[in-house]
Amino acid sequence: MHGRGAAAGCIIARRRDGAEGARSRPMDKLRIEGGRRLSGRVEIAGAKNAALPALAACLLTGEEVRLLNLPRVRDVRTMLRVLEQLGASVMGPEGGHATVQAERFASSEAPYDLVKTMRASVLVLGPLLARHGHARVSLPGGCAIGERPIDLHIEGLAQMGADVRIEHGYVEARASRLRGASYAFPFKTVTGTENLMMAATLAAGTTRLSNCAREPEVVDLAVLLSAMGASIRGAGGEEIVVEGRESLRGARHSVIPDRIETGTYLVASALVGDGVEIAGCRPEHLEAVVSDLRRAGVSIDVGTDTFHVRAPQELLAHDLETAPYPGFPTDMQAQHMVLMTQALGESVVAERIFERRFMHVGELLRMGADIRIDGRTATVVGPRRLTGAQVMATDLRASACLVLAGLAAEGVTVVDRVYHLDRGYEPMEAKLRLLGASVERVR
Ligand code: EPU
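Please read these numbers as outputs of a predicted model, since none were measured by experiment. (Residues numbered from 1 in each chain as written. Predicted model: local features only at pLDDT ≥ 70, side-chain atom pairs only at ≥ 80, totals over all residues. Heavy atoms only, no water.)

Colleague: Would you mind going over the pairing of strand β1 (residues 29-33) with me for this structure?
Modeller: Residues in a regular strand point their side chains to alternate faces of the sheet. Sheet analysis places β1 next to strand β25 (residues 438-442), joined by five bridges and oriented antiparallel. The residue bridging R31 from the neighbouring strand is E440, located in β25. Across four bridges, the pairing between β1 and strand β24 (residues 412-416) is antiparallel. If you follow E33 over to β24, its bridge partner there is V412. (Pairing = 2+ DSSP bridges. Helix = DSSP H or I, 4+ residues; strand = E, 2+ residues; numbered from the N terminus.)

Structural data, given as structure tokens:
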């Protein structure tokens, strides 16, 4: 096994970050003058939720992995810091590309300070354990959208022979070499599937994972791992079979476009679009979102890698529930809700993935929406005239929803705590301004 045993002294390249100008400061806000119509073209970035596991996968080899199409978002920069802290050398990101080489490990710990700012840091658990034989990763704890435990990640790794303990707020896992195992997820988990799939690539023997998450980001990770020499069958389906290898090699991989960023601009265009082209996306990853918008009466032309969208005269209300892929994504629920505030009729929105993902509702009410929450269900009555207000959100997608509400509202909306937005969206004010919106970042 290569790379085992901590070795310090690895050269850490200084990162040159092309997104420097977009970096949020704690007090940044977005000021939106509502009521402008949008038209023109917006380019979609690489998927945050595909980039993060791809970066973690770099730990599985001592050779260079070159990742292209990384989005210019804060979570990517945080994951690069996690990798550097573990001893990897990082070049970039520049122009959306970065090269990572984890020749040796300087540490096996993902500390609380980093994990608390980004839960997806737990993605290093599987790769670190599989290659280095030891991983100490802070438990992320609950967050704004729910408790979000990682018990299934841990259970799966234990099934593969890891000795896992939880002490002092950390998961500490050891295994001289993981062994292939069969593990059935009791319910679907995206990063859980990714963590176990990565761990299995270096295990001795065959791993069979069932009831896996089928998200495009899981498939994209399998494509990268295969390019690194892993043997993986079935990603994108419910059963994934991995034949473990002694070692993996370097590779070059371009991250898929972000389906949630795409969906967010689809909803913006459905609200106030006069002909918007959304370019550089993968329409086949958005079938549930497109079908939701069509039910609302939105006209959408689907190209090979583009959407053309126009807001209808009248939006129509309908019910919706979130579900694992290929169902309607929970990451689009808040944006859909804004659309329903402008739609004729009553719409019941059921959140089936996270227990607390209605934090945006209170702010939408302040802007004039009519929404009632009952447990994990919200009923939206529309259309209601939204008026600009000072609002703030506690998570990424809720912040995006407030920006959309600001575009549709009369008057000025100021969205506070923009750092949530900057975790997962390339600067929205820049992209929206290109479409004709009046949005500026203020301090
Ligand atoms: N769960 C457990 N135990 C586990 C794992 C998950 O109880 O060990 C529960 C979660 O608490 C949740 C459900 O299972 O109720 C599904 O969570 P999942 O594990 O699928 O979520 P995740 O992997 O932590 C990813 C995305 C999220 C996205 C969800 C659902 C990444 C880095 N994050 O999170 O993205 O909402 O899948 O699709 O891929 C976002 O981008 O804004 C975001 C939150």
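Colleague: Which parts of the structure should I look at to understand the nonpolar core?
Modeller: For soluble globular proteins, the rule of thumb is that nonpolar side chains tend to be buried together. Grouped together as the largest cluster of nonpolar side chains are 78 residues, with contacts concentrated most on L60, M79, V124, L178, M197 and L225. By residue number, the principal contributor to this core is helix α1 (residues 48-57), which donates seven residues. Ignoring sequence-local partners within four residues, the contact set of L225 consists of A57, L60, M197, M198, T201, A230 and I232. (Core = buried A, V, L, I, M, F, W, Y, C linked by side-chain atoms within 4.5 Å. Buried < 20%, exposed > 50% of the residue type's maximum accessible area, 1.4 Å probe, protein only. Contact = heavy atoms within 4.5 Å.)

Colleague: Looking at this structure, I do not really get the environment of D301. What am I missing?
Modeller: Looking at the element boundaries, D301 is found in strand β16 (residues 299-302). D301 sits twelve residues away from V289 along the chain, and the two C-alpha atoms are 13 Å apart. Among residues more than four places away in sequence, those in contact with D301 are T306, F307 and H308.

Colleague: Please explain the site of the ligand as it appears in this structure.
Modeller: Not every one of the 21 residues close to the ligand is listed here, only the nearest: D151, T189, T191, D331 and I353. In the model, an oxygen atom of the ligand is placed 2.7 Å from a nitrogen or oxygen of the T189 side chain. Within the backbone of V190, one N or O atom sits 2.8 Å away from an oxygen atom of the ligand. Out of a free accessible area of 840 Å², the ligand has 88% covered by protein chains. Of all the secondary structure elements, the ones that give two or more residues to the shell around the ligand are α1, α5 (151-159), α6 (190-200) and α12 (396-408). It is α5 that provides the largest number of residues to the shell around the ligand, a total of three residues. Of the residues contributing to the shell around the ligand, the split by class is nine nonpolar, five polar and seven charged. (Near = heavy atom within 4 Å. Polar contact = N/O pair within 3.5 Å; in protein donor to acceptor, adjacent residues only side chain to side chain. Areas by Shrake-Rupley, 256 points an atom, 1.4 Å probe, with all protein chains shown as cover. Nonpolar A, V, L, I, M, F, W, Y, C, P; charged D, E, K, R; others polar.)

Colleague: I tried to follow the sheet that holds strand β9 (residues 170-174) on my own but got confused; where do I start?
Modeller: Sheets are built from strands paired through backbone hydrogen bonds, the pairs being either parallel or antiparallel. The strand order β6-β7-β9-β8 describes an open sheet built from four strands, whose pairing is mixed. A strand with exactly one partner marks an edge of an open sheet, and here the two such strands are β6 (109-110) and β8 (163-167). Where β8 lies against β9, five bridges are found, and the strand directions are antiparallel. Residue pairing across strands places D163 opposite R174, the latter belonging to β9.

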